[in-house]
Structure formats: C-alpha cells, structure tokens
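Take a look at the letters that make up each chain.
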Amino acid sequence: MSFNPPTYKYSDYVKWEGDWELIEGYPFAMAPSPLGKHQYLAMKLSRVLDEALEECECDPYPELDWIIDENTVVRPDIAIYCEEIENYPKTNPKIIIEIISESTAEKDEKIKFKLYEREKVEYYVLVYPDFEKVKIYKLDNKEYDKVYEGDGRFRFDLCDMEVDFKKIFKRRR
C-alpha cells in the first residue's frame, strides 16, 4: 500500500501559521530563525548588491515570497527583480541567492535548483558561509551551467554588476 501525501494550493498556504514554502503543492516548513552568521551575510549581501545596482533599475529583495503559481511559493534569501514591487513580484527574479545551512542544503541544492532552472531564473547563487565561498550558476538555454566557484570577484551580465564576495565574507573585528 503506497502513501501519497496531500498537496496544497496558495489559498491554503496563506492560512498557515509560521514560515512555510510550497513547492509543487508540497509544504516545506522553513527552519527556525536563521543563525547570526546567516543573517549577517544576508545583510552584507543585500547592502553590497543594492550599491552595485544603484545605476540600474533592479533591486535586491531579502526574504520576499515569490508566488510562482497556485502550487508553488518560495522565499529566497535574496532575489533581484527588475520591476517596482509594492506587494509581491509579478515577474521572475533575475538572480536568486540562497545562503546554505545544514538544514536547507538539500532543498537549496536539489529541489530549488531544479525549480529555479525550470522557471528560467538567469542566475542562481549558492553561498556557503562555513566554507566562505559561492557557487554561481547561469542559465544556458534550459539548464544551469556552473560559471564560478570561489570567494573573489564575479561580474554578472545584469547591469554589468560586479560583486566582490571576499568583502562579503570579511568580518569586522
């Protein structure tokens, strides 16, 4: 006898208490509040990205729900949109950044990787705080190709934006 877990829609999602993501109808409880290192990196990344995009019509949005369809709602750590957003985005983000933790690694590296690839997000950036490095994937036709791995500078096509990841990992003493 096989067990098929129930699936849900956005109309169910909005009624739930706590923090959730809904991926293809399946609920994923979000981990408890991220640890200090995670939050610190998210804040630094948001600031650096905001400065790098100053002359561009794109902006970073930390932890904003992206409602893909009635079966899928995700909350990336940071997403860059090139639209003015009042409530929720109406277009796909150009770049999604996920800060990897032990509790989210499998979902971020596998499930969200395939989801973002399918939804044609141009860049997917995985940030590894414990190793102080990033992996950057760029959509090439229908699949992601890894275009960078390390802790140095990377130039995105979007607005010719350059990010120095070494600055992100540098801590104040």
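Above this text you will find the structure in question.
All of these numbers come straight from a predicted model, not from anything done at the bench.

Sorry if this is basic, but what is going on with the overall build of the protein chain here?
Counting its secondary structure elements, the protein chain contains 4 helices and 12 strands. A compact globule built from 173 residues would reach a C-alpha radius of gyration of about 16 Å, and the protein chain, at 16 Å, matches this within 12%. Projecting the C-alpha coordinates of the protein chain onto the three principal axes gives extents of approximately 50 × 35 × 30 Å. When the 173 residues of the protein chain are sorted by exposure, 45% land in the buried category. Partitioning the contacts of the protein chain with sequence separation of at least 6, the portion at a separation of at least 24 is 46%. Carbon and sulfur atoms make up 47% of the accessible area of the protein chain, which totals about 10500 Å². Considering the protein chain, the positive charge centre built from 27 side chains and the negative charge centre built from 38 side chains are found 5 Å apart.

Teacher, can you tell me more about the pattern of salt bridges here?
As a working rule, side chains carrying opposite charge can pair if their charged atoms are close by. Throughout the structure, instances matching the rule amount to 18 salt bridges. Between Glu21 and Lys112 there is a salt bridge; the shortest N-O distance is 2.8 Å. One end of the pair, Glu21, is in strand 1 (residues 20-23); the other, Lys112, is in helix 3 (residues 105-118), with 91 residues separating them in the sequence. Taking the shortest distance from any N to any O, the salt bridge between Glu117 and Lys114 comes out at 3.4 Å. In this pair, Glu117 and Lys114 are both assigned in helix 3, 3 residues apart and thus about one turn of the helix distant. Through salt bridges with shared partners, one network takes in Glu21, Glu98, Lys107, Asp108 and Lys112.

What is the right way to read the nonpolar core from this model?
Among soluble globular proteins, nonpolar side chains are generally buried collectively. Counting 27 residues, the largest nonpolar core has Ile95, Val127, Ile136, Phe156 and Phe165 as its most contacted members. When contributions to this core are tallied by element, the ones reaching two or more residues are helix 2 (36-52), strand 6 (78-81), strand 7 (95-99), strand 8 (123-128), strand 9 (133-140) and helix 4 (165-169). With 5 residues, the single largest contributor to this core is helix 2. Beyond its immediate chain neighbours, meaning those up to four positions away, Phe165 contacts Leu45, Val134, Ile136, Asp151, Gly152, Phe154 and Phe156. Formed by 21 residues, the second largest nonpolar core is a distinct cluster that contains Trp66, Tyr81, Ile85 and Tyr137.

Calculation notes
Residues numbered from 1 in each chain as written. Predicted model: local features only at pLDDT ≥ 70, side-chain atom pairs only at ≥ 80, totals over all residues. Heavy atoms only, no water. Helix = DSSP H or I, 4+ residues; strand = E, 2+ residues; numbered from the N terminus. Rg over C-alpha atoms; globule rule 2.2 N^0.38 Å. Buried < 20%, exposed > 50% of the residue type's maximum accessible area, 1.4 Å probe, protein only. Contact = heavy atoms within 4.5 Å. Areas by Shrake-Rupley, 256 points an atom, 1.4 Å probe, with all protein chains shown as cover. Lys, Arg positive; Asp, Glu negative; His and termini not counted. Charge placed at Lys NZ, Arg CZ, Asp CG, Glu CD. Salt bridge = Lys/Arg side-chain N within 4 Å of Asp/Glu carboxyl O. Core = buried A, V, L, I, M, F, W, Y, C linked by side-chain atoms within 4.5 Å.

That's the geometry; what it means functionally is another story.
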